[in-house]
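Architecture at a glance
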Amino acid sequence: MLVLGIESSCDETGVALVDAAGKDVPVLLSHALYSQIDMHQAFGGVVPELASRDHIRRVLPLTREVMKEAQRSLAQVDVIAYTRGPGLAGALLVGAGVACSLAAALDKPVMGVHHLEGHLLSPFLSVDPPQFPFVALLVSGGHTQLMRVDRVGGYALLGETIDDAAGEAFDKSAKLMGLPYPGGPHLSRLAQQGDAAAFKLPRPLLHSGDLDFSFAGLKTAVLTQAKKLGPELENRKADLAASTQAAIVEVLVKKSLKALEQTGLKRLVVAGGVGANALLRSQLSAACAQRGVRVHYPELHLCTDNGAMIALAAGMRLQAGLENLQRGYTFDVKPRWNLAELEPPSLAA
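Since this is a predicted model, take the numbers as computed values, not measurements. (Residues numbered from 1 in each chain as written. Predicted model: local features only at pLDDT ≥ 70, side-chain atom pairs only at ≥ 80, totals over all residues. Heavy atoms only, no water.)

1. What to know about the sheet that holds strand β6 (residues 134-139)
Strand pairing in a sheet takes place through backbone hydrogen bonds and is either antiparallel or parallel in direction. With mixed pairing, five strands are arranged side by side in an open sheet as β8-β7-β6-β9-β10. A single partner strand is all that each edge strand has here, and the edge strands are β8 (154-160) and β10 (294-296). On average, each strand axis in the sheet is inclined to that of its neighbour by 25 degrees, with strand direction left out of account. Relative to β10, strand β9 (residues 267-271) runs parallel, the two sharing three bridges. Bridge pairing links Leu-268 to Val-295 in β10. Set on the sheet, helix α9 (residues 278-290) makes contact with β6, β9 and β10; between it and β9 the angle comes to about 175 degrees. (Pairing = 2+ DSSP bridges. Helix = DSSP H or I, 4+ residues; strand = E, 2+ residues; numbered from the N terminus. Axes fitted to C-alpha atoms, helices over the stretch in contact; angles between N-to-C directions. Contact = heavy atoms within 4.5 Å.)

2. Some remarks on the pattern of salt bridges
For side chains of opposite charge, pairing can occur when their charged atoms come near one another. According to the stated counting rule, one finds 16 salt bridges in the structure shown. Notably, a salt bridge pairs Asp-332 with Arg-84, separated by 2.7 Å at the nearest N-O pair. One end of the pair, Asp-332, is in the segment after α10 (307-319); the other, Arg-84, is in strand β4 (residues 79-85), with 248 residues separating them in the sequence. When its relative accessible area of 37% is taken as the criterion, Asp-332 is described as partly exposed. Between Arg-317 and Glu-117 there is a salt bridge, and its shortest N-O distance comes to 2.7 Å. (Salt bridge = Lys/Arg side-chain N within 4 Å of Asp/Glu carboxyl O. Buried < 20%, exposed > 50% of the residue type's maximum accessible area, 1.4 Å probe, protein only.)

3. Points about the nonpolar core
Grouped together as the largest cluster of nonpolar side chains are 49 residues, with contacts concentrated most on Phe-215, Leu-252 and Leu-268. Looking at this core, the elements that each hand over two or more residues are β6, α5 (166-176), α6 (183-191), α7 (216-229), α8 (233-263), β9 and α9. Top contributing element to this core by residue count: α8, with 14 residues. Those residues within four positions of Leu-252 in sequence are excluded, and the remaining contacts are Leu-137, Val-139, Thr-144, Ala-166, Phe-213, Phe-215, Val-274 and Leu-280. Listed in part, the 36 residues of the second largest apolar core include Val-18, Leu-120, Ala-271 and Ala-314. (Core = buried A, V, L, I, M, F, W, Y, C linked by side-chain atoms within 4.5 Å.)

4. So, the sheet that holds β4
If you walk across this open sheet you meet the five strands as β3-β2-β1-β4-β5, and the pairing is mixed. Both edges of this open sheet fall to β3 (27-35) and β5 (110-114), since each of them pairs with a single strand only. Going from strand to strand, the sheet's axes swing by 20 degrees on average, the running direction of each strand aside. Where strand β1 (residues 2-7) meets β4, four bridges bridge the pair, whose relative direction is parallel. Counterpart to Val-3 in the pairing with β4 is Val-79. Those strands touched by helix α2 (residues 48-70) are β1, β2 (12-19) and β3, and its axis lies near 150 degrees from that of β3.

5. A closer look at unusual backbone geometry
With an omega of -10 degrees, the peptide bond running from Gly-85 to Pro-86 counts as cis. Along the chain, Pro-86 falls in the loop between β4 and α3 (89-106). Cis rather than trans, the peptide bond between Phe-132 and Pro-133 has omega equal to -5 degrees. Inspection of the secondary structure assignment puts Pro-133 in the loop between α4 (115-121) and β6. Backbone geometry places Asp-107, a non-glycine residue, at a positive phi of 55 degrees. Summarising the element assignment, Asp-107 is placed in the loop between α3 and β5. The residue Leu-205 is not glycine, and still its phi comes out positive at about 60 degrees.

6. Examining the pairing of β5
In terms of residue burial, β5 counts as a mostly covered element, since four of its five residues are buried. Pairing geometry for β4 and β5, over five bridges, is parallel. Within β5, the residue paired with Ile-80 across the bridge is Val-110. Read as a crossover between parallel neighbours, the route from β4 over α3 to β5 is right-handed. (Right-handed = clockwise from strand over helix to strand, strands pointing away.)

7. Focus: the confidence of the model for the protein
Residues of the protein with pLDDT of at least 70 account for 98%, and the chain-wide mean is 94. Note that pLDDT drops below 50 for residues 345-349; the model gives that stretch 14 contacts with residues more than four away or on any other chain. (pLDDT = per-residue confidence, 0-100.)

8. Some points on the packing of aromatic side chains
Inspection of every chain in the model, using the stated rule, returns four aromatic pairs. With a centroid separation of 5.5 Å and 15 degrees between ring planes, the pair formed by Phe-132 and Phe-134 is classed as stacked. Overall, the relative accessible area of 30% leaves Phe-132 in the partly exposed class. Taking the centre distance of 6.2 Å and the plane angle of 15 degrees together, the rings of Phe-213 and Phe-215 count as stacked. Taken individually, Phe-213 and Phe-215 each receive the classification buried, so the pair is uniform in this respect. Members of the aromatic cluster, connected to one another through ring pairs, are Phe-124, Phe-132 and Phe-134. Over the aromatic face of Tyr-34 sits the side chain of Arg-58, whose NZ or CZ is 3.9 Å from the ring centroid. Over the ring of Trp-337 we find Arg-84; its NZ or CZ atom is 5.3 Å from the centre of that ring. (Phe/Tyr/Trp six-rings, centres within 6.5 Å; stacked < 30°, edge-to-face > 60°. Lys NZ or Arg CZ within 6 Å of the ring centre and 35° of its normal.)

Pasting the structure below:
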């Protein structure tokens, strides 16, 4: 059971091939990824039209690369999966159109996959895969959520951001400091040279009693502090970066621990681009070790959007019997798509 996965939800074009035969976790045979960071850097952020056009240029060459590396032919593929949403509408349409066209040409079934489900299940590709059930911290540029995951297709939302996502707070704070796009990684690297206690920044909703997040107030506090510093900002930029990162990470860690406490579960999965943050990993790992909790992360190169997680999610859904494969090649995309809105039989028991 070979599943070809295509990811094109934002500014990375990803293609991957997994073998989903048997009851074990699908095996990643090959994957390829192209990032558009250099192209969008000149604009300080993702330009949707440019992203869509670049996906068109990249997806087929990446597909050929994946098939060559796996030493397989397209004729051997059993299912073609693609990211149906959420994401940028134009970018999603490229992946959906290519997947459905390939499937029609090859007379193969096609399958739309939820982008967040791909992230949630991505740690199963790591050398230390988790076991169900677990609490998942999904933390990226567009999403910050805590979820209880009981099985493939069995997801319960515990808490989410009411405004900016954590990755968005990283990127926007970095931009306020004059750091280049994408700001989050630049801020994290700069923070290594700074004093995390230099500035007293807020930890929004830290003591709210629930599992929701809010980072818009922190971003405003960073702006206020940057204005106060004025010409001194350049000399204190590392300290401000360290203080900002510390505030974000503290909220993520404490809310995750609270979710584990409320659910009584002893396993935590971290997924999404911010899951690559070194401070978050170290603090979560230390806190979980003290509480006898196992914590799992995707491999660093699989934290960002990628085709491997889409092919994996499709393969795991097929193994769980949650999909009725069809050869219908009309398609739509869902730029906004709540994970709880997956259509039947997607959430079948």
